[in-house]
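# Structure at a glance
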Amino acid sequence: MARIVERGLRRSVGVPGLFATAYGNVGSSIYYALGLVALHALGLTPVVFMVAGCLFALTAKTYAEGAAMFPEAGGSSSFARHAFNELASFFAGWALTLDYIITIAISAFFVPHYLGAFFPGLRHNPGDIIGGIAVVAILAALNIRGLKESAKLNLVLAVVDLGTQVLLVAVGAVLVLNPSLLVNQVHLGTAPSWSELVFALSVAMVAYTGIETVSNMAEEAREPDRDIPKAVNLVLIAVLGVYAGISLVALSSLPVTPDAHGHFATALGTTYEADPVLGIVKSMGLSHALAQALSYYVGLLAATILFIATNAGLIGISRLSWSLSEHRQLPRVFSSLHPKYRTPAFTIVFYSVLAALLIIPGQTDFLGNLYSFGAMLSFTTAHVAVLALRVKDPHRARPYRAPLNFRWRGNTLSLTPILGAIGTFAAWLSVVALHVEARTVGIGWMVVGLVGYAIYRRRAGLDLTTAARIERGERPPDFDELAYRSALVPIFGEDVDASALVAAAKLVDAEATVDALYVLPVPPQLSLDAGLAEEEERGRSVLEAARIAGRRRGIKVRTNLVRTRNPARAILDEARRLHVEVIYLSTVHAPASERPLGPITAQLLAERPARVVIETSRRPGRPVAEPEPPGVVAGTAAA
């Protein structure tokens, strides 16, 4: 009678979309990481980027496995919660919070430096500090009002960004690349010294800010098993290739030279430390007019990319803080919403102020070092957590597994998180040993966070390790306290605001899943496979809107579209297949021709494979007129 067209989450992102999103976040780092690393690594800058890239590769694959298992906000914090306990989860989440703050600060601080191609006063203090703070303030205000990311804009900019970087490498390879110069300017032990080389290796991880994007897109992939590994590999190739190519061209156009005192340096890490890509453009031997035009183009592109990276950081820290607060690791105020705009205004303002405070000193190397401190702690925790889950929960479904697997004591382990944990922890130790400011501020940040966490949990009557969540609000008076474990919500019309899903969610347990079923009746004049393309597309759009709206409200939603001759039979079959405990039938959004869905309601009540809830009005106090059979709850529902 019915043919299932779509089951589960609607996965609409393929390999190109995954790659563009990930590269748009990670690839933005080239605009500031190049100068920070070159300041210390000198002629070995390309090598340092490749070594850091190996850690990036290991960490990206570890995150891909973890996020495929737990596609939820939190990243390493979420992995640690499932592998260990709430204290470990907060430890990772608090370190990751520091990373997000640094990402916001460092991306915003470099925006005015690239706009300096148009307004030279923005390339130095106080113009760059004022400009950076202004970027944070503008984005904070926009996010409070509900600014959303544009997937199409991110895709276009990622493609343009990658194309521009490849073009710079190609032009530089023709005009300035000098292999003998690259070799001769390296004097290991002197330029760079061993301590500076280790120092540079610890700083280089700032090149890979935005790494969590590689894994957080897992639930959006059409085929996670196939698409995520391909996207990860493409991002690795592109990022490592661009960093290697641009750093080689940069050191050919801005070589390492000794100063009057015999100290070696490159203008890439001094004069152009805050806008290294502009420095490359100006030093490739182009005509004045062409160099000026290209400088304007690169300056505008880089500023736009970094502006979007700053916004991504604000969105990321909002989601992370919401997750930490929901799990009773941060006070409830971090998950509170603005009364008008329904956005986490307090969280946005709080972390924006912290980011602005970090911009005020105007020290880019300090920001880079501090990022490495938090990132290495967070990444190490992620590696250890994913490895521990291989032992503690070996039978959990893993849509993607990190490579380099082997058997040990009856468990299938992977060398990827093992090598990644060793590498990232060693990098963290080098940051602590060599970076005084990062050591002082970073350790202070972690101590303050852990002390605050302990005080908050004690005052809330919770121990430090037991899982807990914010209590759900009171249910509407029209419904009994039922706490079902699953619910099926048939959708006939255009309930794009997901009000029926929200109402159904109030009947189920906090961890339950709500299945949205779009029922598409097919006239007898057509086969089940023929025609109705427009109606089917509208149904898919409604399901996608409902899934997104549900996700924003913290509801676990699966979607399904059915073409059928008999809507009631399709609903009954789906309810039995999913073993749902309650069917929530809303007539509010159904087309007028199908209200009040009498035959469907009658058949559902006759067979009743689960408890049935019928919503007929959005006006409180207007229950259904007909009597309520056993197992039926009828009346109004607050959306």
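In this text, all values refer to a predicted model and were calculated from it rather than measured experimentally.

All right, on to the environment of Leu96 then. Along the chain, Leu96 falls in helix α5 (residues 86-115). Of the residues examined, Leu96 reaches a relative accessible area of 4% and is grouped as buried. With 278 residues separating them in the primary sequence, Leu96 and Gly374 have C-alpha atoms 6.2 Å apart.

Turning to the packing of aromatic side chains, a few remarks are in order. Counting across every chain of the model gives 18 aromatic pairs. Summarising the aromatic geometry, the rings of Phe90 and Trp94 are spaced 5.6 Å apart at their centres and angled 20° between planes, so their arrangement reads as stacked. One end of the pair, Phe90, and the other, Trp94, are both in helix α5, four residues apart, so they sit about a helical turn from each other. For Trp94, a relative accessible area of 9% puts it in the buried group. Of the aromatic side chains, those joined through ring pairs into one cluster are Phe90, Trp94, Trp445 and Tyr453.

This part takes up the nonpolar core. In this structure, Tyr31, Tyr114 and Tyr208 are the most contacted members of the largest nonpolar core, which totals 128 residues. Sorting elements by how many residues they give to this core places α5 first, with 16 residues. Not counting the four nearest positions on each side in its chain, Tyr31 is found in contact with Phe110, Tyr114, Asp161, Gln165, Ala274, Pro276, Val277, Leu301, Ala302, Ile305 and Leu306. Counting 18 residues, the second-largest nonpolar core is a separate cluster that includes Val502, Leu543, Ala546 and Ile555.

Once that is clear, we can look at the packing of helix α13 (residues 288-326) against helix α14 (residues 345-359). The relative placement of two packed helices comes down to the angle between their axes together with the axis-to-axis distance. At a closest axis distance of 10 Å, the pairing of α13 and α14 adopts a crossing angle of 120°. If you check the angle between α13 and α14, you find them oblique. Between α13 and α14 the crossing geometry is right-handed. Residues Leu314, Ile317, Ser318 and Ser321 of α13 form the contact with α14, whose own contacting residues are Thr347, Ile348, Tyr351 and Ser352.

This part is about a nonpolar patch on the surface. A cluster of nonpolar residues, Phe118, Phe119, Tyr296 and Leu300, forms a patch on the protein surface that exposes about 390 Å² of accessible area. Mapped onto the secondary structure, Phe119 falls in the loop between α5 and α6 (127-144).

Relative to the assigned elements, Val135 resides in helix α6. In this structure, the C-alpha to C-alpha distance between Val135 and Ala356, residues 221 residues apart in sequence, is 9.5 Å. Residues in contact with Val135, not counting those within four places in the same chain, are Ala108, Val111, Phe307 and Thr310.

Interaxial distance between helix α3 (residues 45-69) and helix α16 (residues 415-434) falls to 9 Å at its minimum, and their mutual angle equals 130°. When the axes of α3 and α16 are compared, the pair comes out oblique. Pair α3 / α16 crosses with left-handed handedness. Counted together, Leu55, Leu58, Thr59, Lys61 and Thr62 of α3 and Thr416, Pro417, Leu419, Gly420, Gly423 and Thr424 of α16 form the full contact between these two elements. Residue composition of the contact of α3 with α16, by class: four nonpolar, six polar and one charged.

A rise of 1.5 Å per residue sets the reference length of helix α20 (residues 567-578), with its 12 residues, at 16 Å; its end C-alpha atoms lie 16 Å apart and thus fit the reference within 8%. When we look at burial in α20, the residues that qualify are Pro567, Ala568, Ala570, Ile571, Leu572, Glu574, Ala575 and Leu578. Directly beyond the C-terminal end of α20, a positive phi value near 55° is found at His579.

Attention now moves to the pattern of salt bridges. This model, assessed by the stated rule, comprises eight salt bridges. Here Arg123 makes a salt bridge to Asp275, at a shortest N to O gap of 2.7 Å. Within this pair, whereas Arg123 is found in the loop between α5 and α6, its partner Asp275 is found in the loop between β3 (264-265) and α12 (276-282), the two being separated by 152 residues in sequence. In this structure, the salt-bridge partner of Glu536 is Arg540, at a minimum N-O distance of 3.0 Å. Remark: Arg540 and Glu536 occur in helix α19 (residues 533-552); sequence separation between them is four residues, near one turn of the helix. If you follow the salt bridges from partner to partner, you end up with Glu65, Arg390 and Arg398 in one network.

All right, on to the side chain of Ser89 then. Within the secondary structure, Ser89 is located in helix α5. Taking the relative accessible area as the measure of exposure, Ser89 reaches 0% and is therefore buried. Within polar-contact distance, the side chain of Ser89 engages the side chain of Gln329 at 3.2 Å. If near-sequence neighbours (up to four positions away) are discounted, Ser89 is found in contact with Ser77, Ala80, Arg81 and Gln329.

The rules behind these values
Residues numbered from 1 in each chain as written. Predicted model: local features only at pLDDT ≥ 70, side-chain atom pairs only at ≥ 80, totals over all residues. Heavy atoms only, no water. Helix = DSSP H or I, 4+ residues; strand = E, 2+ residues; numbered from the N terminus. Buried < 20%, exposed > 50% of the residue type's maximum accessible area, 1.4 Å probe, protein only. Phe/Tyr/Trp six-rings, centres within 6.5 Å; stacked < 30°, edge-to-face > 60°. Core = buried A, V, L, I, M, F, W, Y, C linked by side-chain atoms within 4.5 Å. Contact = heavy atoms within 4.5 Å. Axes fitted to C-alpha atoms, helices over the stretch in contact; angles between N-to-C directions. Parallel < 35°, antiparallel > 145°, perpendicular 65-115°, else oblique. Left-handed = near helix turned anticlockwise from the far one by under 90°. Patch = residues over 30% accessible without salt bridge, like charges linked within 9 Å, V, L, I, M, F, W, Y side chains within 5 Å. Areas by Shrake-Rupley, 256 points an atom, 1.4 Å probe, with all protein chains shown as cover. Salt bridge = Lys/Arg side-chain N within 4 Å of Asp/Glu carboxyl O. Nonpolar A, V, L, I, M, F, W, Y, C, P; charged D, E, K, R; others polar. Expected span 1.5 Å × (residues − 1). Polar contact = N/O pair within 3.5 Å; in protein donor to acceptor, adjacent residues only side chain to side chain.

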